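Letter by letter, the chains look like this.
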Amino acid sequence: MESLPVPSVQAMVAATGGAEVPSRYHRPEASQDPVANDIEAEIPVIDFQRLLDPDACPEDSARLHRACQDWGFFQLINHGVPSDVIKGMKASIEGFFQLPPETKKKVAQERGQLDGYGHLFVVSEDQKLDWSDVLYLNTRPPYRKNLRFWPDKPDNFRLTLEKYSAATMNTVERLLPIIAKNLELQPEALTDKFIGGIQSIRMNYYPACAKAENVVGLAPHSDAGFLTLVLQVNQVQGLQIRRNGTWVPVKPLDSAFVVNLGDTFEIFTNGRYKSIEHRAVVNTEKERLSIAAFHGPNMHAKIGPLKEIVAHEVEAYKTVDHENFRRLFLSGKLVGKSFLEQMKL
């Protein structure tokens, strides 16, 4: 992977909500796009247990298909991840970000590394920064872990993350055959690509900001991977998706996963399902915390339209090896869906 600049210590940790916004965070364009009223649109809600029921009504599967096709986002309830795993992960994240700065900096990112505490996708010293602190860790498969950056505080953080990682990966693996069926594919068309699939987890802390209209918690982008599962840690909203030219606020249900399709999903399906641009905004009074678990195929998989899908249609995307795909994505800034444009034929 290309060597990525590491922000200075002052820039590595988001400001704490003072009256003035430091210049590297100042992004007044953030408030220029229209935002939908809460009552205008809400992303679909999918009951996972109903999908898994052998006697499930076909409408349940059709609802998932429409969510993937029309929204690219949905909330997954009754997902089967134990409540104690959810509660433990939430407590661990809250505990980590409450640690003294000098303790958190023990796992700070190093040059050329994404793992650790700091910022992601910083490619220049004068780049505008997101109003957030991040703890990013590769979690699966085991050889991708770099335990040097796994915090040992709070107590049991590592064990808690291991349990959460396994549970979210299992959820994705159980979703794959259902998604394949909706696309009229054999399950193996997707599941084989996820044997030894990769997973990374991004833990986000968005401080309050008195001038929230002048900052961005997370710049607009689409995810590069296949499926992302986002868990809201506290009750402060901030995730928004772009739909028909308008930003639509997402109102997470308690302990539900907000699931979104990534660029790999769009490429595999040759555009039948599309990744969706999203962003995070910040609150003027309260901090927001969330956990995003990113899932992708194994590193031996080719990233390109599935042969079963393009057997009778024109390929719309390039096919590249997974390593080059990730290198290309990780070497640039997050700017809308600009990365996916580079993959189109």
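These numbers come from a predicted model, not from an experiment.

*Asks:* Provide a residue-level description of the overall build of the protein, including the pertinent values.
*Replies:* The helix and strand tally for the protein stands at 10 helices and 14 strands. Overall, the C-alpha framework of the protein stretches about 55 × 45 × 40 Å when taken along its three principal axes. Among the 345 residues that make up the protein, the fraction classed as buried is 55%. As presented, the protein carries roughly 15,200 Å² of accessible surface, and 50% of it is formed by carbon and sulfur atoms.

*Asks:* Just give me the short version of helix H3 (residues 58-71), but keep the residues and values in it.
*Replies:* Look at H3: 19 Å from first C-alpha to last across 14 residues, which is about the 20 Å you get at 1.5 Å a residue. Of all the positions in H3, only Asp60, Ser61, Leu64, Ala67, Cys68 and Trp71 are classed as buried. Buried residues in H3, looked at end-on, bunch into an arc of 140 degrees, giving them a common side. Turning to H3, the residues buried within the fold contact strand S1 (45-47), helix H2 (48-52), strand S2 (73-77), helix H6 (157-182), strand S8 (239-243) and strand S10 (257-261).

*Asks:* Pulling in residues and values, what's your account of the sheet that holds S1?
*Replies:* Pairing is mixed across the open sheet formed by 8 strands, whose spatial order is S1-S2-S10-S7-S12-S5-S4-S3. For this open sheet the edge positions go to S1 and strand S3 (116-118), each flanked by a neighbour on one side alone. On average, each strand axis in the sheet is inclined to that of its neighbour by 25 degrees, with strand direction left out of account. When strand S7 (residues 227-232) meets strand S12 (residues 288-296), the two strands line up antiparallel, connected through 6 bridges. The partner of Leu227 across the bridge, within S12, is His295. Along the sheet face, H3 touches S1, S2 and S10 and points at about 145 degrees away from the line of S2.

*Asks:* Before we move on, can you summarise the packing of helix H4 (residues 83-97) against H6 with the specific residues and values?
*Replies:* In the contact formed by H4 and H6, the axes pass within 9 Å of each other and the chain directions differ by 135 degrees. By the angle between their directions, the pair H4 and H6 is classed as oblique. Between H4 and H6 lies a crossing of left-handed hand. Across the interface between the two elements, Val85, Ile86, Gly88, Met89, Ser92, Ile93 and Phe96 of H4 pack against Phe157, Thr160, Leu161, Lys163 and Tyr164 of H6.

*Asks:* Outline the sheet that holds strand S9 (residues 246-249), listing residues and values.
*Replies:* Working definition: the strands of a sheet are paired by backbone hydrogen bonds and lie parallel or antiparallel to each other. Reading across the sheet, the 4 strands line up as S6-S11-S8-S9 and stay open at both edges, with antiparallel pairing between neighbours. Here the strands that pair on one side only, and so sit at the sheet edges, are strand S6 (218-221) and S9. This sheet shows a mean twist of 25 degrees between the axes of neighbouring strands, independent of strand direction.

*Asks:* So what's going on with the pattern of salt bridges? Residues and values would help.
*Replies:* If you walk through the whole model with that rule in mind, you get 14 salt bridges. Two residues, Arg27 and Asp130, come together in a salt bridge whose shortest N-O distance is 2.8 Å. A residue pair is termed long-range when its members are at least 10 positions apart, and Arg27 in the loop between helix H1 (9-12) and S1 and Asp130 in the loop between S3 and strand S4 (133-140) qualify at 103 residues. Under the relative-accessibility criterion, Arg27 is labelled buried at 13%. What makes Asp130 buried here is its relative accessible area of 12%.

*Asks:* How would you explain the packing of aromatic side chains if you had to name every residue and give the values?
*Replies:* For the coordinates displayed, the defined rule picks out 12 aromatic pairs. Measuring from ring centre to ring centre gives 6.3 Å for Phe96 and Phe157, while their planes differ by 50 degrees; the resulting arrangement is tilted. Taken as a pair, Phe96 in helix H4 and Phe157 in helix H6 lie far apart in primary sequence, 61 residues in all. Taken as a pair, Phe96 and Phe157 share a single burial class, namely buried.

*Asks:* Would you mind going over the pairing of S7 in detail, with residue names and values included?
*Replies:* Across the 6 residues that make up S7, a large majority, 6, are buried. With burial as the criterion, each face of S7 is covered, one bearing Leu227, Leu229 and Leu231 and the other bearing Thr228, Val230 and Gln232. Pairing between S7 and S10: 5 bridges, direction antiparallel. Looking at the pairing, Leu229 lines up with Val259 of S10.

*Asks:* Give a detailed account of unusual backbone geometry, specifying residues and quantitative values.
*Replies:* Residue Pro141 is bonded to the preceding Arg140 through a cis peptide linkage, with omega at -5 degrees. One can find Pro141 in the loop between S4 and H6. The omega torsion of the bond from Lys153 to Pro154 falls at -5 degrees, within 30 degrees of zero and hence cis. The phi dihedral of Asn156 falls on the positive side, at around 70 degrees, and the residue is not glycine. Along the chain, Asn156 turns up in the loop between S4 and H6. Note on Asn156: relative accessible area 55%, which makes it exposed. Of note, Glu184 is a non-glycine position whose phi angle comes to about 60 degrees, a positive value. With respect to the element layout, Glu184 can be found in the loop between H6 and helix H7 (188-191).

*Asks:* Report on the packing of H3 against H6, specifying residues and quantitative values.
*Replies:* Running from N to C, H3 and H6 cross one another at 85 degrees; their axes reach a closest spacing of 10 Å. Comparing their axes, H6 and H3 come out roughly perpendicular. Of the residues in H6, those touching H3 at Ser61, Leu64 and His65 are Leu175, Ile178, Ile179 and Asn182. Residue composition of the contact of H3 with H6, by class: 4 nonpolar, 3 polar and no charged.

Basis of the calculations
Residues numbered from 1 in each chain as written. Predicted model: local features only at pLDDT ≥ 70, side-chain atom pairs only at ≥ 80, totals over all residues. Heavy atoms only, no water. Helix = DSSP H or I, 4+ residues; strand = E, 2+ residues; numbered from the N terminus. Buried < 20%, exposed > 50% of the residue type's maximum accessible area, 1.4 Å probe, protein only. Areas by Shrake-Rupley, 256 points an atom, 1.4 Å probe, with all protein chains shown as cover. Expected span 1.5 Å × (residues − 1). Arc of directions from axis to C-beta. Contact = heavy atoms within 4.5 Å. Pairing = 2+ DSSP bridges. Axes fitted to C-alpha atoms, helices over the stretch in contact; angles between N-to-C directions. Parallel < 35°, antiparallel > 145°, perpendicular 65-115°, else oblique. Left-handed = near helix turned anticlockwise from the far one by under 90°. Salt bridge = Lys/Arg side-chain N within 4 Å of Asp/Glu carboxyl O. Phe/Tyr/Trp six-rings, centres within 6.5 Å; stacked < 30°, edge-to-face > 60°. Nonpolar A, V, L, I, M, F, W, Y, C, P; charged D, E, K, R; others polar.

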